[in-house]
Amino acid sequence: MATPASTNDGSAGTLSPWALIGRRFAHHRLAVASLYLLAVLYALALGAEFFAPYPRQWRDLTRAYCPPQLPQFSLRHGLHVPAMRAFVDPLTFKKSYIEDEGAPVKLGFFVKGAPYVFWGLLTWDRHFFGVKNTAAQRPDGRPVTFYFLGADKYGEDIFSRLIYGSRISLSVGLVSIAVTFLLGVTIGGISGYVGGATDTFIQRGIEVINAFPQIPLWLAFGAVLPADWSPLSTYFAITLVLSLLGWTGLARVVRGKILSLREEDYATAARLLGASHTRILFRHLLPGFASHIIVVLTMSVPAMILGETSLSFLQLGLRPPIVSWGVMLQDCLSIQTVENYPWLLMPVVMIVLTVLCFNFLGDGLRDAADPYSTR
Amino acid sequence: MNEPGAIPAAAPLLSVRGLCKHFPVLSRGFRRPSSEWVKAVDNVNFDIAQGETLGLVGESGCGKTTTARCALRAIDPTAGEVFFRLPDGRVVDLARLSAGELKPVRRHVQMIFQDPVSSLNPRMTVRDIVGEPLVIHGLARGDELETRVAEVLARVGLKPEHRTRYPHAFSGGQRQRIGIARAIIMRPSLIVCDEATSALDVSVQAQVLDLLKELQREFRLTYLFVAHNLDVVRNFCDRVAVMRKGRIVELAPTPQIFAAPQHAYTRILLSAVPSPDPDVKMNFNVGEELAKLDAAE
């Protein structure tokens, strides 16, 4: 394929394969947009304390199930939301809120709020977005509240919890992917490179693992996890469970690629030069399909995120007080709750968004993966 | 040269004795026991003297490439010995060396491949490809590596600025030159050319053969030249071994092979070569004659 740069004599052939992949990836608009959106999501997760209007443990029990409040703008009040007044239906005892036109809650950017320690390094009290005048009080003497995406049954801010939860939900994919990568490339690499009986043994093992019914296996793992483990240990146990089942797909891709590439003359040439097995595997064979590995890994992040969500939703994985999207969805187990307070389903929107982004990104990477193919 | 097929007077650089490579024929079924064997190389013997070019010819599937690859230990032979004389005078049996012992010997034995596309790693720059032998054997690094790569590229007729490019930016002939540069950068004594020119078109073939001849004179190289093109062999080789069904049927100095072939198979092979002279009749009955030869055995 003659691109303008490659017909130019001076720069002919000087683009590395990775540069070519980058160029082709840039043509896939949806994938590029997904990449940016994912970058935003991960940035939010990294700076959760700053971006979340409220700290993780904050709650106002008197404001349970407060509906989402969309910020409004007026010249008199600036950015604000109307104050809410709780109202209990005398017949059904359903708690609902009505707007109180009296004193609006003023909002602002970079407002002073609850102090936090950022990544154990610096203490700060600024939040990206939130209530401007935290000293302002409601008629009942409590500080004014602002629920951007509504409140749950404990009066916790769903928007803040979504941001804190993304820390777990988005990283669980990456951590599992790291384990999957290690297991898949090592086992698949050995299987393809050594071949023979070793290969047969590993392939049959993979088939046995794939034949396991997943949900009962998760149930078993969930039952095995001790209830008194720290949140961190549970988190790592969950990632390990997810990746112990997820590495087989990558192992197969790696094995197949190595089986075909090791017969290439350049692999023989390297052997005849006296190159070690490690050198042949990592310098000659792996770079030939590194892009495919990246694609497979990207495509399997959604499975990991969904896996965590399902496990937590079924109350087999993470448990409160850990905040993750799956844990948040535990509130949606009853249809009445969902019908009355649909904003509790916000984590679903985030999960769908993230999974779609990863799928588009994987699509774009797959199209860009082979820089020498024509389109 | 001395007696046809005899061991050259001086101690040979490479001496192949009773080389065999048998592949199992797997039968059907779950356990797939192998009851039969394909004798791809069957009791092959030959010697190559220092500075000599030995041609290995024969029809497709006769075992030329397998012989060459066994001699280099690219594949493990089933039986036989491959004695190779190192520059310091020691003689080693390539067929018996362990992987660790083999590595230092690899410096002195190199190979040029038939397919210039698949023999160069598409993910590596020319600098990395050509300089890799020096890196593997720890012979040069940094600036010295860079200079030696530039030198050897210039020697095979490429430009030093080609170093940063990837193989896909080169033509077939240029790629073969890169392969040659990789083979000679460690100054080996023996180079196995496995159909090194058969993937190139005729004019480029001639250039590459000229280059190989120049390099032979300059570095006192010894070639084992596997080919099926008899015209190339006639011009390039000192002696020719004719292979058929895994065995060498005739081994003689080149002029003798072409002027007075002894073996029936050699005569059939030669008669199948089209001649530019319109008065020379071409043999169209090769298949028939080969069948007769098979029946006679």
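Keep in mind the model is a prediction, meaning the values are calculated, not measured. (Residues numbered from 1 in each chain as written. Chains lettered and ligands numbered in written order. Predicted model: local features only at pLDDT ≥ 70, side-chain atom pairs only at ≥ 80, totals over all residues. Heavy atoms only, no water.)

*Asks:* Mind showing me how you'd approach the layout of surface pockets here?
*Replies:* Approximately 700 Å³ is the volume attributed to the largest pocket. Lining the largest pocket are 23 residues, and of these Tyr193(A), Arg271(A), His277(A), Arg73(B) and Ala74(B) sit closest to its centre. Contributions of two or more residues to the lining of the largest pocket are made by helix H5 (158-194), helix H9 (265-272) and helix H10 (277-285) of chain A together with helix H2 (99-106) of chain B. At five residues, H2(B) tops the list of elements feeding residues into the lining of the largest pocket. (1 Å grid on protein atoms, 1.4 Å probe; cavity = no way out; pocket = protein on both sides within 12 Å on 5 of 7 lines; lining within 4 Å. Points joined across faces, edges and corners; volume = space filled by probe spheres on them. Helix = DSSP H or I, 4+ residues; strand = E, 2+ residues; numbered from the N terminus.)

*Asks:* Would you explain the environment of Asn340(A) in this entry?
*Replies:* Residue and element names in this part refer to chain A. For Asn340, the location among the structural elements is in helix H13 (residues 335-340). Among the residues examined, Asn340 registers a relative accessible area of 33% and is labelled partly exposed. Between the C-alpha atom of Asn340 and that of Leu314, which follows or precedes it by 26 residues, the distance is 22 Å. (Buried < 20%, exposed > 50% of the residue type's maximum accessible area, 1.4 Å probe, protein only.)

*Asks:* Explanation requested: the pairing of strand E10 (residues 247-253) of chain B in the structure shown.
*Replies:* Regular strands place side chains that alternate from one sheet face to the opposite one. All names here are of chain B. In the sheet, strand E9 (residues 239-244) pairs with E10 via six bridges, with the strands oriented antiparallel. Looking at the pairing, Arg244 lines up with Arg247 of E10. Counting the residues in the hairpin turn of E9 and E10 gives two residues, including Lys245, whose phi is positive at 50°. (Pairing = 2+ DSSP bridges.)

*Asks:* Help me understand the interface of chain B and chain A, please; the structure alone is not making it clear to me.
*Replies:* Accessible area lost during the coming together of the parts is what is often quoted as the interface size. Counting residues at the interface gives 29 residues for chain B and 24 residues for chain A. Interface area for chain B against chain A, summed over the two sides, is near 2400 Å², with a carbon-plus-sulfur share of 55%. Across the chain B-chain A interface, the total number found is three salt bridges. In this structure, Arg283(A) engages Asp128(B) in a salt bridge whose closest nitrogen and oxygen atoms are separated by 3.6 Å. Run the count over chain B and chain A and you get eight residue pairs in polar contact (both at pLDDT 80 or more). Counting only elements with at least two residues in the side of chain B that touches chain A, the list comes to H2, strand E6 (109-112) and helix H3 (126-136) of chain B. A per-element tally of the side of chain B that touches chain A places H3(B) first, with five residues. Here the side of chain B that touches chain A is built from residues that sort into 13 nonpolar, seven polar and nine charged. (Contact = heavy atoms within 4.5 Å. Buried area = accessible area lost by both parts, 1.4 Å probe. Salt bridge = Lys/Arg side-chain N within 4 Å of Asp/Glu carboxyl O. Polar contact = N/O pair within 3.5 Å; in protein donor to acceptor, adjacent residues only side chain to side chain. Nonpolar A, V, L, I, M, F, W, Y, C, P; charged D, E, K, R; others polar.)

*Asks:* How should helix H6 (residues 202-219) of chain B be read in this particular structure?
*Replies:* The α-helix advances 3.6 residues per turn, and as a result positions three or four apart in sequence lie on the same side. All names here are of chain B. An ideal rise of 1.5 Å per residue puts 26 Å on 18 residues; H6 measures up with 26 Å between its terminal C-alpha atoms. Residues Val204, Gln205, Val208, Leu209, Leu211, Leu212, Leu215 and Gln216 constitute the buried set of H6. Buried residues of H6 fall within an arc of 160° about the axis and therefore sit on the same side. Counted as exposed and oriented over 90 degrees from the buried face of H6: Val202 and Arg217. Positive phi shows up at Arg220, right after H6, with a value of about 50°. (Expected span 1.5 Å × (residues − 1). Arc of directions from axis to C-beta.)

*Asks:* Could you clarify how one ought to interpret the sheet that holds E9(B) in this entry?
*Replies:* Note: strands within a sheet are paired through backbone hydrogen bonds, in either parallel or antiparallel orientation. Residue and element names in this part refer to chain B. Ordered by their spatial adjacency, six strands build an open sheet running E6-E7-E8-E3-E9-E10, and the pairing between neighbours is mixed. Unpaired on one side and paired on the other, E6 and E10 mark the two borders of the sheet. Strand-to-strand twist in this sheet, taken as the mean axis angle between neighbours without regard to direction, amounts to 20°. Where strand E7 (residues 190-194) meets strand E8 (residues 222-226), five bridges bridge the pair, whose relative direction is parallel. Looking across to E8, one finds that Cys193 is bridged to Phe225. (Axes fitted to C-alpha atoms, helices over the stretch in contact; angles between N-to-C directions.)

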